[in-house]
Amino acid sequence: MFEFDMPDTILDKFLDSSFEKVAPQLLEEAAPLMEDATKKSLKSVIQHDGESELVNSVKARAPKKAKNGAYILNVVPKGNSTHQYTRGKKKYVVSNALKAIWLEYGVAGRQAPRPWLDRATKMYQPQIEERMQTKFNEITGAK
(Lines give C-alpha, C1' and ligand atoms only; values in the text may rest on other atoms or scores of the structure.)
Protein backbone atom coordinates (compact mmCIF):
# COMPACT_ATOMS: atom_id res chain seq x y z
CA MET A 1 0.00 0.00 0.00
CA PHE A 2 1.28 3.43 -0.86
CA GLU A 3 0.27 6.25 1.47
CA PHE A 4 0.94 9.91 0.97
CA ASP A 5 -0.18 12.35 3.66
CA MET A 6 -0.36 15.84 2.26
CA PRO A 7 -2.68 18.69 3.22
CA ASP A 8 -5.17 19.36 0.44
CA THR A 9 -4.27 23.02 0.26
CA ILE A 10 -0.48 22.66 0.01
CA LEU A 11 -0.57 22.45 -3.78
CA ASP A 12 -3.01 25.34 -4.04
CA LYS A 13 -0.72 27.59 -2.01
CA PHE A 14 2.57 26.82 -3.72
CA LEU A 15 1.61 25.75 -7.21
CA ASP A 16 -0.98 26.36 -9.88
CA SER A 17 -2.57 22.94 -9.38
CA SER A 18 -5.07 21.59 -6.91
CA PHE A 19 -4.87 18.21 -5.23
CA GLU A 20 -8.14 17.19 -6.93
CA LYS A 21 -6.56 17.79 -10.35
CA VAL A 22 -3.16 16.21 -9.70
CA ALA A 23 -3.95 13.11 -7.60
CA PRO A 24 -6.01 11.20 -10.22
CA GLN A 25 -3.39 11.86 -12.89
CA LEU A 26 -0.60 10.55 -10.65
CA LEU A 27 -2.55 7.38 -9.91
CA GLU A 28 -3.35 6.85 -13.60
CA GLU A 29 0.37 7.13 -14.32
CA ALA A 30 1.12 4.40 -11.74
CA ALA A 31 -1.74 2.09 -12.79
CA PRO A 32 0.09 0.06 -15.48
CA LEU A 33 2.97 -0.79 -13.13
CA MET A 34 0.59 -1.66 -10.30
CA GLU A 35 -1.43 -3.89 -12.62
CA ASP A 36 1.72 -5.66 -13.85
CA ALA A 37 3.00 -6.20 -10.30
CA THR A 38 -0.33 -7.70 -9.25
CA LYS A 39 -0.39 -10.05 -12.22
CA LYS A 40 3.20 -11.22 -11.69
CA SER A 41 2.68 -11.76 -7.98
CA LEU A 42 -0.53 -13.73 -8.50
CA LYS A 43 1.07 -15.84 -11.22
CA SER A 44 3.93 -16.73 -8.88
CA VAL A 45 1.59 -18.42 -6.36
CA ILE A 46 -0.61 -20.30 -8.83
CA GLN A 47 0.45 -23.93 -8.86
CA HIS A 48 -0.68 -25.04 -12.31
CA ASP A 49 0.97 -24.51 -15.67
CA GLY A 50 -0.15 -21.93 -18.19
CA GLU A 51 -1.92 -18.63 -17.91
CA SER A 52 -4.68 -18.35 -15.40
CA GLU A 53 -7.99 -16.61 -15.96
CA LEU A 54 -7.45 -15.10 -12.51
CA VAL A 55 -4.21 -13.44 -13.60
CA ASN A 56 -5.73 -12.26 -16.87
CA SER A 57 -8.72 -10.76 -15.05
CA VAL A 58 -6.63 -8.24 -13.08
CA LYS A 59 -7.48 -4.68 -14.12
CA ALA A 60 -6.87 -1.22 -12.71
CA ARG A 61 -10.02 0.76 -12.10
CA ALA A 62 -10.25 4.52 -12.54
CA PRO A 63 -9.02 6.55 -9.55
CA LYS A 64 -11.80 7.63 -7.21
CA LYS A 65 -12.08 10.13 -4.42
CA ALA A 66 -13.04 8.51 -1.12
CA LYS A 67 -15.31 10.09 1.47
CA ASN A 68 -12.29 11.01 3.60
CA GLY A 69 -10.75 12.97 0.70
CA ALA A 70 -8.11 10.39 -0.23
CA TYR A 71 -7.76 9.26 -3.83
CA ILE A 72 -7.78 5.51 -4.36
CA LEU A 73 -6.74 3.33 -7.27
CA ASN A 74 -7.98 -0.25 -7.03
CA VAL A 75 -6.16 -2.94 -8.97
CA VAL A 76 -8.32 -6.03 -8.63
CA PRO A 77 -9.34 -9.29 -10.31
CA LYS A 78 -12.66 -8.83 -12.10
CA GLY A 79 -15.41 -11.15 -13.19
CA ASN A 80 -16.24 -14.75 -12.40
CA SER A 81 -14.25 -17.90 -12.93
CA THR A 82 -15.35 -20.08 -15.83
CA HIS A 83 -14.53 -23.09 -13.66
CA GLN A 84 -17.38 -24.30 -11.43
CA TYR A 85 -16.66 -25.53 -7.93
CA THR A 86 -18.60 -28.42 -6.47
CA ARG A 87 -19.65 -28.63 -2.85
CA GLY A 88 -21.83 -31.63 -2.16
CA LYS A 89 -24.18 -31.91 -5.11
CA LYS A 90 -24.25 -28.20 -5.90
CA LYS A 91 -22.01 -26.41 -8.37
CA TYR A 92 -20.96 -22.84 -7.73
CA VAL A 93 -19.50 -20.11 -9.88
CA VAL A 94 -16.81 -18.25 -7.96
CA SER A 95 -15.57 -14.71 -8.54
CA ASN A 96 -11.94 -14.18 -9.44
CA ALA A 97 -11.64 -11.83 -6.46
CA LEU A 98 -12.68 -14.66 -4.12
CA LYS A 99 -10.09 -16.96 -5.72
CA ALA A 100 -7.45 -14.28 -5.03
CA ILE A 101 -8.57 -14.10 -1.39
CA TRP A 102 -8.32 -17.89 -1.11
CA LEU A 103 -4.74 -17.72 -2.40
CA GLU A 104 -3.78 -14.92 -0.01
CA TYR A 105 -5.33 -16.35 3.16
CA GLY A 106 -5.84 -20.03 2.36
CA VAL A 107 -8.93 -22.16 2.91
CA ALA A 108 -9.28 -23.83 6.30
CA GLY A 109 -8.49 -27.53 6.03
CA ARG A 110 -8.06 -27.40 2.24
CA GLN A 111 -5.40 -24.97 1.11
CA ALA A 112 -2.49 -23.30 2.87
CA PRO A 113 -2.08 -19.55 2.39
CA ARG A 114 0.05 -18.48 -0.57
CA PRO A 115 0.53 -14.76 0.05
CA TRP A 116 0.88 -12.56 -3.02
CA LEU A 117 -0.56 -9.18 -2.03
CA ASP A 118 2.37 -7.82 -0.02
CA ARG A 119 4.81 -8.83 -2.77
CA ALA A 120 2.67 -7.08 -5.38
CA THR A 121 2.59 -3.92 -3.28
CA LYS A 122 6.36 -3.74 -2.93
CA MET A 123 7.45 -5.09 -6.33
CA TYR A 124 7.63 -1.80 -8.25
CA GLN A 125 7.40 0.71 -5.42
CA PRO A 126 10.54 2.70 -6.37
CA GLN A 127 9.56 2.78 -10.07
CA ILE A 128 6.01 3.82 -9.20
CA GLU A 129 7.22 6.62 -6.95
CA GLU A 130 9.63 7.79 -9.67
CA ARG A 131 6.92 7.71 -12.33
CA MET A 132 4.53 9.65 -10.09
CA GLN A 133 7.23 12.22 -9.28
CA THR A 134 7.98 12.70 -12.98
CA LYS A 135 4.28 13.16 -13.73
CA PHE A 136 3.93 15.58 -10.80
CA ASN A 137 6.86 17.63 -12.12
CA GLU A 138 5.30 17.64 -15.60
CA ILE A 139 1.90 18.79 -14.33
CA THR A 140 3.18 21.45 -11.96
CA GLY A 141 6.19 22.66 -13.92
CA ALA A 142 8.51 21.74 -11.04
CA LYS A 143 12.06 20.62 -11.73
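For the structure, check the block above.
Nothing here was measured: the structure is a model prediction, and the numbers come from that model.

Quick notes on the rules
- Residues numbered from 1 in each chain as written.
- Predicted model: local features only at pLDDT ≥ 70, side-chain atom pairs only at ≥ 80, totals over all residues.
- Heavy atoms only, no water.
- Helix = DSSP H or I, 4+ residues; strand = E, 2+ residues; numbered from the N terminus.
- Buried < 20%, exposed > 50% of the residue type's maximum accessible area, 1.4 Å probe, protein only.
- Contact = heavy atoms within 4.5 Å.
- Areas by Shrake-Rupley, 256 points an atom, 1.4 Å probe, with all protein chains shown as cover.
- Core = buried A, V, L, I, M, F, W, Y, C linked by side-chain atoms within 4.5 Å.
- Expected span 1.5 Å × (residues − 1).
- Arc of directions from axis to C-beta.
- Salt bridge = Lys/Arg side-chain N within 4 Å of Asp/Glu carboxyl O.

Engineer: Explanation requested: the overall build of the chain in the structure shown.
Structural biologist: Helix and strand content of the chain: six helices and six strands. Going residue by residue from the N terminus, the α and β elements of the chain occur as α-α-α-β-β-β-β-β-β-α-α-α. Counting every position in the chain, which comprises 143 residues, the buried fraction comes to 34%. Long-range pairs, those at least 24 residues apart, make up 48% of the contacts in the chain with a sequence separation of at least 6. About 9700 Å² of surface is accessible on the chain, with carbon and sulfur atoms providing 52% of the total.

Engineer: When you look at the environment of Ser-52 in this model, what are you seeing that I'm missing?
Structural biologist: The topology assignment puts Ser-52 in the loop between α2 (19-45) and α3 (53-56). Separated by 10 residues in sequence, Ser-52 and Leu-42 place their C-alpha atoms 9.3 Å apart.

Engineer: Would you mind going over the environment of Leu-54 with me for this structure?
Structural biologist: Structurally, the position occupied by Leu-54 is in helix α3. A residue is classified by how much of its surface remains accessible, and Leu-54, at 2% relative accessible area, is buried. Spatially, the C-alpha atoms of Leu-54 and Ser-81 are 7.4 Å apart, while their sequence positions differ by 27 residues. What Leu-54 contacts, discounting residues up to four positions off in sequence, is Leu-42, Ile-46, Pro-77, Asn-96, Lys-99, Ala-100 and Leu-103.

Engineer: Just checking my understanding: could you explain the nonpolar core for this structure?
Structural biologist: Grouped burial of nonpolar side chains is what soluble globular proteins tend to show. Counting residues in each nonpolar core, the largest one holds 28 residues, and the members touching the most others are Leu-42, Leu-103, Trp-116 and Ile-128. At the level of secondary structure, the elements contributing two or more residues to this core comprise α2, α3, α4 (96-105) and α6 (125-140). Looking at which element gives the most residues to this core, the answer is α2, with 12 residues. Contacts of Trp-116, omitting those with residues within four sequence positions, involve Thr-38, Ser-41, Leu-42, Val-45, Ala-100, Leu-103 and Glu-104.

Engineer: Is there a simple way to think about α6 in this case?
Structural biologist: Think of an α-helix as 3.6 residues a turn; residues three or four steps apart then line up on the same face. Between its terminal C-alpha atoms α6 stretches 22 Å, which fits the 22 Å expected from 16 residues at 1.5 Å a residue. Residues of α6 that are buried: Ile-128, Met-132, Lys-135, Phe-136, Ile-139 and Thr-140. Seen along its axis, α6 keeps its buried residues to an arc of 120 degrees; they face one direction. Among the exposed residues of α6, those oriented more than 90 degrees off its buried face are Pro-126, Glu-130 and Glu-138. Backbone geometry just downstream of α6 places Gly-141 in the positive-phi region, at approximately 80 degrees.

Engineer: Sorry, what's going on with the pattern of salt bridges here?
Structural biologist: Pairing is possible between side chains of opposite charge, provided their charged atoms come close. Here the structure, examined in full by the defined rule, presents six salt bridges. A salt bridge links Lys-39 to Glu-35; the nearest nitrogen and oxygen atoms lie 3.7 Å apart. With Lys-39 and Glu-35 both in helix α2 and four residues apart, this pair spans about one turn of that helix. Classification of Lys-39 by relative accessible area gives partly exposed; the value is 23%. In this structure, the salt-bridge partner of Lys-40 is Asp-36, at a minimum N-O distance of 3.4 Å. Separated by four residues within a single helix, Lys-40 and Asp-36 lie in helix α2, roughly one turn from each other. For Asp-36, a relative accessible area of 29% gives the class partly exposed.

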